[in-house]
There are 2 protein chains.
Amino acid sequence: MTEPPFELEPIGEVRTPFETSDEAPRQGLEGEEPTHGEIVLAPAFEPGLEGIEDGETVDVLWIADEADRSVLRVRDGERGVFSTRSPHRPNPICVTTCRVRAVDGRRLAVSGVDMLDGSPVVDLKAPLE
Amino acid sequence: MTEPPFELEPIGEVRTPFETSDEAPRQGLEGEEPTHGEIVLAPAFEPGLEGIEDGETVDVLWIADEADRSVLRVRDGERGVFSTRSPHRPNPICVTTCRVRAVDGRRLAVSGVDMLDGSPVVDLKAPLE
């Protein structure tokens, strides 16, 4: 991990109702109706979930694996991509805050999903206090 | 970008006063005194900064390139790493919210840094509104 490019290995994936980007909301927890989904970790990473409790929020880092990584300007060229949260960006790591509804082994039922179904998850973090 | 492992190419680096992890604060903007630093992008990525204004906050995604990626439990094994913000984790991508003090070409003067000096930056995002 000391020299670029840095390799990310998914820790799991997220299951959501959204098959296309038109269906996915901008940010799941901000919408009028909570969106429900499930984060499923690979078995090796289950010990990392210890201490995550129902009702807490968790920051989900995931890869927009269909992103166009050549994009630097958006909105007809008026805005630089780094002043937005567009998934199309040089390193398409997205951050979504979800609320944990239940923990069952290596599965987290969550609300607030805005990812496409099957998106690779690379990290989960406690939110900043 | 469609198959793992996913490769991240740094867009730049961050310059901070912190040479060791003991010196770095937990989260820069939360501390009593603001910490000052500079994000310097590679020339190719400068167009992506268009629209970032002084005084705004920006989420900085950076790599803890000295992290131990084998860590799944922390605090003497009591907590799973995914319920914390420890930099030692399988995919050591860290997220720090900084405040922009000035933009000068491909350089952003910022406060709120908590990174080690020279850490690779992989993304900048507008904060969630």
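Anything mentioned here points back to the structure above.
Please read all numbers here as calculations on a predicted model, not as lab measurements.

The rules we used
Residues numbered from 1 in each chain as written. Chains lettered and ligands numbered in written order. Predicted model: local features only at pLDDT ≥ 70, side-chain atom pairs only at ≥ 80, totals over all residues. Heavy atoms only, no water. Contact = heavy atoms within 4.5 Å. Buried area = accessible area lost by both parts, 1.4 Å probe. Salt bridge = Lys/Arg side-chain N within 4 Å of Asp/Glu carboxyl O. Polar contact = N/O pair within 3.5 Å; in protein donor to acceptor, adjacent residues only side chain to side chain. Helix = DSSP H or I, 4+ residues; strand = E, 2+ residues; numbered from the N terminus. Nonpolar A, V, L, I, M, F, W, Y, C, P; charged D, E, K, R; others polar. Patch = residues over 30% accessible without salt bridge, like charges linked within 9 Å, V, L, I, M, F, W, Y side chains within 5 Å. Areas by Shrake-Rupley, 256 points an atom, 1.4 Å probe, with all protein chains shown as cover. Lys, Arg positive; Asp, Glu negative; His and termini not counted. Charge placed at Lys NZ, Arg CZ, Asp CG, Glu CD. Pairing = 2+ DSSP bridges. Axes fitted to C-alpha atoms, helices over the stretch in contact; angles between N-to-C directions.

Colleague: Help me understand the interface of chain A and chain B in this model?
Modeller: Listed by partner, the interface residues are 53 residues for chain A and 53 residues for chain B. Counting each side, the surface lost to burial between chain A and chain B is near 4,700 Å², with a carbon and sulfur contribution of 61%. Here chain A and chain B share four salt bridges between them. For R89 of chain B, the salt bridge goes to D123 of chain A, with nearest N and O atoms at 2.5 Å. Put simply, chain A and chain B have 26 residue pairs in polar contact (both at pLDDT 80 or more) between them. With five residues, the single largest contributor to the side of chain A that touches chain B is strand β9 (residues 119-125) of chain A. When grouped by side-chain class, the residues that make up the side of chain A that touches chain B number 30 nonpolar, eight polar and 15 charged.

Colleague: Teacher, can you tell me more about a negative patch on the surface here?
Modeller: The grouping of E7 and E9 of chain A together with E7 and E9 of chain B at the surface amounts to a negative patch. In this fold, E9 of chain A is placed in the loop between β1 (6-8) and β2 (12-15).

Colleague: Honestly, the environment of A44 of chain B in this entry has me stumped. Any pointers?
Modeller: The topology assignment puts A44 of chain B in the loop between β3 (36-41) and β4 (57-63). In this structure the C-alpha to C-alpha distance between A44 of chain B and C98 of chain B, which are 54 residues apart in sequence, comes to 22 Å.

Colleague: Even after reading the chapter, I still don't get the sheet that holds strand β7 (residues 93-104) of chain B, so can you show me in this structure?
Modeller: Strand pairing in a sheet relies on backbone hydrogen bonds. The paired strands run either parallel or antiparallel. All names here are of chain B. Taken together, six strands build a closed barrel; the order of strands is β2-β3-β8-β7-β4-β9 and the barrel is antiparallel. For this sheet, the mean inter-axis angle between neighbouring strands, taken without regard to orientation, is 45 degrees. With four bridges joining them, strand β2 (residues 12-15) and β3 adopt antiparallel strand pairing. Across the sheet, the residue bridging to E13 is V40, located in β3.

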